[in-house]
Each structure stands twice: as structure tokens, then as C-alpha cells.
Amino acid sequence: MSENEKIRMQLQCPMPKLDFDVITLGHGSGGVLTNKLLDSGVFDLLSNDILDERHDGAFLELDGKTAFSSDSFLVSPIFFPGGNIGELAVNGTVNDLAMCGAIPKYLSLSFIIEEGLPVKDFWDILVAIKFACEKARVKIVTGDTKVVEKGKGDKIFINTSGVGPIHPKANISAKNITSGDKIIISGNVASHGMAIMSVREGLEFDSEIQSDTTNLNHTISNLIEEFGSDIRLLTDPTRGGVATVLKEIAQSIDKGFDIFQKDLPIAEQVSSACELLGLDPLYVANEGLFIAFVSRESADGFLETLKQDENGKNAQIIGHVVEEHPKQVILESAIGGKRIVSMLPGEQLPRIC
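Nothing here was measured: the structure is a model prediction, and the numbers come from that model. (Residues numbered from 1 in each chain as written. Predicted model: local features only at pLDDT ≥ 70, side-chain atom pairs only at ≥ 80, totals over all residues. Heavy atoms only, no water.)

Undergrad: I'd like to hear about the sheet that holds strand 8 (residues 231–235), residue by residue, with values.
TA: On the basis of which strands lie adjacent, the open sheet formed by seven strands has the order 8-10-7-11-9-12-13 and mixed pairing. Strands at the two margins of the open sheet, each flanked by one partner only, are strand 8 and strand 13 (338–341). Sheet twist, expressed as the mean angle between neighbouring strand axes with direction ignored, is 25°. Of the strand pairs in this sheet, strand 9 (residues 256–260) and strand 11 (residues 316–322) are connected by four bridges, and their pairing is antiparallel. Residue pairing across strands places Gly-256 opposite Val-322, the latter belonging to strand 11. (Pairing = 2+ DSSP bridges. Helix = DSSP H or I, 4+ residues; strand = E, 2+ residues; numbered from the N terminus. Axes fitted to C-alpha atoms, helices over the stretch in contact; angles between N-to-C directions.)

Undergrad: So what's going on with the sheet that holds strand 1 (residues 66–73)? Residues and values would help.
TA: Across the sheet, which stays open at both edges, the four strands sit in the order 1-6-4-5 with mixed pairing between neighbours. Both edges of this open sheet fall to strand 1 and strand 5 (139–148), since each of them pairs with a single strand only. Mean inter-strand twist for the sheet, computed between neighbouring axes without regard to direction, equals 10°. Where strand 4 (residues 106–114) lies against strand 5, nine bridges are found, and the strand directions are parallel. When the sheet's bridge partners are listed, Tyr-106 is paired in strand 5 with Lys-139. Across the sheet, helix 4 (residues 85–99) is in contact with strand 1, strand 4 and strand 6 (156–165); its angle to strand 1 comes to roughly 150°. Its contacts with the sheet put helix 5 (residues 119–136) on strand 4, strand 5 and strand 6, and the angle it makes with strand 4 is roughly 170°. (Contact = heavy atoms within 4.5 Å.)

Undergrad: Explain the packing of helix 7 (residues 217–227) against helix 10 (residues 299–307) to me, and be specific about the residues and the numbers.
TA: Viewed as axis vectors pointing N to C, helix 7 and helix 10 meet at an angle of 145°, and their least axial separation amounts to 11 Å. The element helix 7 and its partner helix 10 pack so that their crossing is right-handed. Judged by residue contacts, Thr-219, Leu-223, Glu-226 and Phe-227 of helix 7 engage Gly-301, Phe-302, Thr-305 and Leu-306 from helix 10. (Left-handed = near helix turned anticlockwise from the far one by under 90°.)

Undergrad: Explain the pattern of salt bridges to me, and be specific about the residues and the numbers.
TA: Following the criterion strictly, the structure yields 13 salt bridges and no others. Its salt-bridge partner being Asp-124, residue Lys-120 comes within 2.8 Å of it at the nearest N-O pair. Of this pair, Lys-120 and Asp-124 both sit in helix 5, four residues apart, which is roughly one turn of the helix. Its relative accessible area of 18% is what places Asp-124 among the buried residues. (Salt bridge = Lys/Arg side-chain N within 4 Å of Asp/Glu carboxyl O. Buried < 20%, exposed > 50% of the residue type's maximum accessible area, 1.4 Å probe, protein only.)

Undergrad: Lay out the pairing of strand 7 (residues 182–185) with the relevant residues and their values.
TA: In the sheet, strand 7 pairs with strand 10 (residues 291–294) via four bridges, with the strands oriented antiparallel. Paired with Lys-182 across the two strands is Val-294, which belongs to strand 10. The pairing of strand 7 with strand 11 spans four bridges and is antiparallel. Directly across from Ile-183, in strand 11, lies its bridge partner Gly-319.

Undergrad: Which residues make up helix 6 (residues 191–201), and what values go with them?
TA: Taken across its eleven residues, helix 6 has eight buried, putting it largely inside the fold. Of all the residues in helix 6, the buried ones are Ser-191, His-192, Gly-193, Met-194, Ala-195, Ile-196, Met-197 and Ser-198. The secondary structure elements touched by the buried residues of helix 6 are strand 2 (79–80), helix 4 and helix 9 (268–277). Positioned one or two residues after helix 6, Gly-202 has a phi angle of 70°, which is positive.

Undergrad: Provide a residue-level description of the nonpolar core, including the pertinent values.
TA: If you look at the biggest cluster of nonpolar residues, it comprises 82 residues, and the most contacted ones within it are Phe-111, Ile-156, Met-194, Phe-257 and Phe-293. Counting residues per element, this core draws most heavily on helix 5, which supplies eleven residues. Discounting chain neighbours no more than four positions away, the residues touching Ile-156 are Ile-78, Ile-85, Phe-111, Ile-112, Ile-113, Leu-117, Phe-122 and Ile-125. Counting residues in each nonpolar core, the second largest holds 19 residues, with Leu-216, Leu-223, Leu-303 and Ala-315 among its members. (Core = buried A, V, L, I, M, F, W, Y, C linked by side-chain atoms within 4.5 Å.)

Undergrad: Lay out the packing of aromatic side chains with the relevant residues and their values.
TA: Taken as a whole and judged by the stated rule, the model has three aromatic pairs. When the ring of Phe-227 is compared with that of Phe-302, the centres are 5.6 Å apart and the planes differ by 55°; the resulting orientation is tilted. Of the two residues, Phe-227 sits in helix 7 while Phe-302 sits in helix 10, which places them 75 residues apart along the sequence. Phe-302 matches Phe-227 in its accessibility class, with the two residues each being buried. For the pair Phe-257 and Phe-293, a centre-to-centre distance of 5.1 Å together with 50° between the ring planes defines the contact as tilted. With Phe-257 in strand 9 and Phe-293 in strand 10, this pair connects stretches of sequence that are 36 residues apart. Here Arg-54 stacks its cationic end above the ring of Phe-43, 4.0 Å away from the centre of that ring. (Phe/Tyr/Trp six-rings, centres within 6.5 Å; stacked < 30°, edge-to-face > 60°. Lys NZ or Arg CZ within 6 Å of the ring centre and 35° of its normal.)

Undergrad: Before we move on, can you summarise the side chain of Thr-93 with the specific residues and values?
TA: By secondary structure assignment, the location of Thr-93 is in helix 4. Apart from the residues lying within four places of it in its own chain, the contact partners of Thr-93 are Ser-69, Asp-71, Phe-73, Leu-107, Thr-160, Ser-161 and Gly-162.

Next up, the structure:
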């Protein structure tokens, strides 16, 4: 999210005057304080015909095959260059649904808040959630709010779950991948992870590294509409990065993948930050990227269409599927050497999303 977008959000959604400045245990009690918090924040900002029922759950009209996904978010810090935990929580579940070939429609939203969180921080997170939902065209339809004692949490954790119907032209499955299929990545890698790490480590560069968090559902829907079943598989390389995701898929289908370092898109300042911290960008988390396995015949057209989209202007074909070395991902370096790419063996960047 740009600074101009932040200013626009703040102007459109000024924080109401409240008689409390911080979240207390009473705000999670289900009583008067809880209602004050929810009435002045959640229900007002996120109002829609379903949420306004204020029932124990949501009544939804779903037709046909439907995707369901759930994710939890505990990123630290909760505010970072390019976004905050609120929009991250919306975009993350929206994108998971999109990777299934679904059209995201409805989300649940649950908070676990640490006692002492400034109400201003909570408001800013809610405003980011509102605008992320509007951009993705999804509705928050149910949720929950709990408060834990000081020291029992870390500011705020969020869970979102979502549902949406499968696009009628989608046929997304790893089982569809065949030899010769191209592997396409939608943009620059490692931006989100390094945005978080640059804040934690106090690193400064000529230009600030921004998280790539954004919703991908409209981009994906347009691609499915045009290319249909020629899109074999979609996946978003979040925790564990590109390397871990590709390795997981290779192991599941008994095929090999060849990828090429020279084709891997990465911003210069992100590459510098990775080098400075001794991190391999292939293993760094992303929050606004997807990997697509596309038939050889449609790959060039897919890439051309994707590059015309704001979310795909740096897209590249980074490799292909082969029968050789089944279950292995082989990276050819910029100087021609080759190495086996494995999964992330442990926790490289904790609390990244």
C-alpha cells in the first residue's frame, strides 16, 4: 500500500471519538466494552447485508463446487513497509482461494488481541481490512474478538477463512502437470520477506523495500477465463518461498523441474538485502506472487497477458517440467552450474506472515 493510499484511507475513515485509548481485557468479555469496540469499529467499517444480521454465524448462498481456505497471521511487526497485518490477512486468504481456481466471495475475520494494544493501531488495521476487502470484492460475514492478558500475545493475531465458487473454466490440480509445461512466476521474488527483515534489522537502502502484499483474485480470474484448463496448477509461494513450493509439487507428482537463476525476477535492493543478510531469495516469503504451471502451447500467450496486468508486469518463465530426475528441482545458476533445490530445512524468517 502506498503512502497516498494510506492518506486516502485515513481521510475517508477518520477514527471515531472513544472513551478509551487502549484495548483492555474487558473488550473481550462480551459485555458493554466489547459492544462499544465492535459497534464503533468492526460493524461500522465492514458493514454489509450479511454481517449486519449480527448472528452467531453467516447465512450464505453457495452454488456448485466451492473452495474453502483458512489462514492465521502473526506477522511481526504488525505495520511494515507496504502494508499491515490487516490487509495481509485479507489478501492471504483471498489468494489461497484464487489458487484453487475460485472466485472469493465471503470471509470470516477473528482477532486475538493483546491487552494494551492502542485503539489507534486497531483502527488502522480495521481500515486496511476494509479497503482490502473492497479491492478484492469480498465481504466479511462473521467473526470473533478475544483479548488475552498482557504478555500472553504479541499485539494482535488474526485468522481469516474464506469461501468462493470455482470458476467454471478452472481445472486446477497438480495431477494435470505434464512434461514440457512451463513454470511461470508473476513478479519479483522475496519482496515481502525482505520488507519485514529490513525493518527488524534496521537496514536502509536507496529506496525502501516494500511488501508485495496484494490480492491476486482478479488477475487469476481473467487468466482462467482466457486460458482455462491450459493452466495446470496455481500456487502462491508464501512461507518457504519459491524453492519449497516447487519441491513440494515435484515430490507429489513424480516429475522433475528445471529452473534457471538468470530468469528469476528480483528487485536490485531486495537482492542486495538478501546478500547482506546471507539469505537465499528462493526461500524468502512472498505475499503478492503466484506460480503457474501452464501448457507449453499457451505459455507465451499466458505470459503476454499476465505482463499487461499490474500484478504481472515483472512476470517471467523461470523453468519447465521434465521426465528426468523425478521429484527433484534442479537450479541452473547464472554461470551454468547446477544444484539440487531442497525444501527449507527449518525456520529461516520467523513471524513473516
